[in-house]
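# Survey of secondary and tertiary structure
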Amino acid sequence: MRRPVLVGKTLRDVRTATLWIGMALFLVALLDTLIYPSYREQLQNFELPQFLRGFTGGETGLAAPAGFFQAEFFSWTPLLLITLAIIGATGTLAGEEANGTLDLLLAQPITRTRVVLEKAAGLVIAVLMAALAAVPGFLLGLMLVDVDVSATRLLAAVLAQVPLTLIFLTLSLWASAALPTRGAAAAVAIAAVVLTYFLNMLGASVDLLATPRRLSPFSWIEAAPILRQGFREWGSVGAMLAVSAGFLALAMWSFQRRDIATGAREWRWRPVRALPAMPSSTARERGAQSAG
């Protein structure tokens, strides 16, 4: 059985982004844990405005650990993991094609389906490693200060970010397989993130957007309920994994039909029309005139 060498190669390709994002999550988790006791009493009587409810997962205040960590950590750190996913996913197919390495890879005895699956597996591992880097930060903070939240629930809340990230990872992978350039694929993925993120934030406070908010993956699972009562979001996780599997299937289908170019290709909105073929007799006459 062939070793999944592309998994290791993909991890090497995104190792810098994985390292820096993991370090950022570790430091933010540690800092938020350390400062929470100092703000707990000050926030005791603070009532959160309605337009900020989306940042706390529906919590009415920031004094409780669930509301504080949701607002200060889990409301925006998934965007870091999604950034890692977009960087890696758009660089695996369209990015390698622009670099001129994809055609060399496909010249090896490996199927296109296996290329997509192994690269996706490498990116999933990178996202998981970066997400788990936050756990030591929380644990170190809990050792230094008194916070009324269990390490198990913090771990569950951190892991709950991964299925959300997988949706945008596989979406980016599909865009990378279907669109001609890495820039176009990244633009589609970023637009999807921005639209769904702000739809979730605004939908938590604007009644008119309450129903459309359910379409945003950011609203399918939130850290605050997990920190408050433990993990019970199996249905949401299953839905996220199903959507991710659908995008992955589309990525494999699109990549099977992709015409690989040797280097960066130009994206034209209209097909270039070929010049009509010159009759052989006319070509010989023009050649004779030019020679004369």
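Structure's up top.
Below, the structure is looked at part by part. (Residues numbered from 1 in each chain as written. Predicted model: local features only at pLDDT ≥ 70, side-chain atom pairs only at ≥ 80, totals over all residues. Heavy atoms only, no water.)

## Overview of helix 2 (residues 15-40)
Between its first and last C-alpha atoms helix 2 spans 37 Å; for 26 residues at 1.5 Å apiece the expected length is 38 Å, and the two agree. At Leu-34, helix 2 shows its strongest bend, of approximately 30 degrees, with the proline Pro-37 following within four residues. Every buried residue of helix 2 is accounted for by Thr-18, Ile-21, Gly-22, Leu-25, Val-28, Ala-29, Leu-30, Asp-32, Thr-33 and Tyr-36. Looking at the buried side of helix 2, the elements it contacts are helix 3 (65-74), helix 4 (77-92), helix 7 (112-132) and helix 8 (134-144). (Helix = DSSP H or I, 4+ residues; strand = E, 2+ residues; numbered from the N terminus. Expected span 1.5 Å × (residues − 1). Bend = angle between axes of the 7 residues up to and from the residue. Buried < 20%, exposed > 50% of the residue type's maximum accessible area, 1.4 Å probe, protein only. Contact = heavy atoms within 4.5 Å.)

## Quick notes on the packing of helix 10 (residues 161-178) against helix 11 (residues 182-203)
Remark: helix 10 packs on helix 11, axes separated minimally by 8 Å, with the N-to-C direction vectors making an angle of 150 degrees. One way to sum up the angle between helix 10 and helix 11 is to call them roughly antiparallel. Regarding helix 10 and helix 11, the two cross each other, and that crossing is right-handed. Note on element contacts: helix 11 touches helix 10 through Ala-185, Ala-189, Ala-192, Val-193 and Thr-196, opposite Phe-168, Leu-171, Ser-172, Ala-175 and Ser-176. For the contact of helix 10 with helix 11, the class distribution of residues is seven nonpolar, three polar and no charged. (Axes fitted to C-alpha atoms, helices over the stretch in contact; angles between N-to-C directions. Parallel < 35°, antiparallel > 145°, perpendicular 65-115°, else oblique. Left-handed = near helix turned anticlockwise from the far one by under 90°. Nonpolar A, V, L, I, M, F, W, Y, C, P; charged D, E, K, R; others polar.)

## Description of the environment of Glu-72
You can see Glu-72 is positioned in helix 3. Its relative accessible area of 32% is what places Glu-72 among the partly exposed residues. It is 9.3 Å that separates the C-alpha atoms of Glu-72 and Leu-62, two residues lying ten residues apart in sequence. Non-local contacts of Glu-72, meaning those with residues more than four positions away in its chain, are made with Val-28 and Asp-32.

## What about the side chain of Thr-92?
Position of Thr-92 among the secondary structure elements: in helix 4. Owing to a relative accessible area of 4%, Thr-92 belongs among the buried residues under this scheme. Reaching out from Thr-92, the side chain makes a polar contact with the backbone oxygen of Ala-89 at a distance of 2.8 Å. (Polar contact = N/O pair within 3.5 Å; in protein donor to acceptor, adjacent residues only side chain to side chain.)

In short, the description is geometric, and any link to function would need to be established separately.
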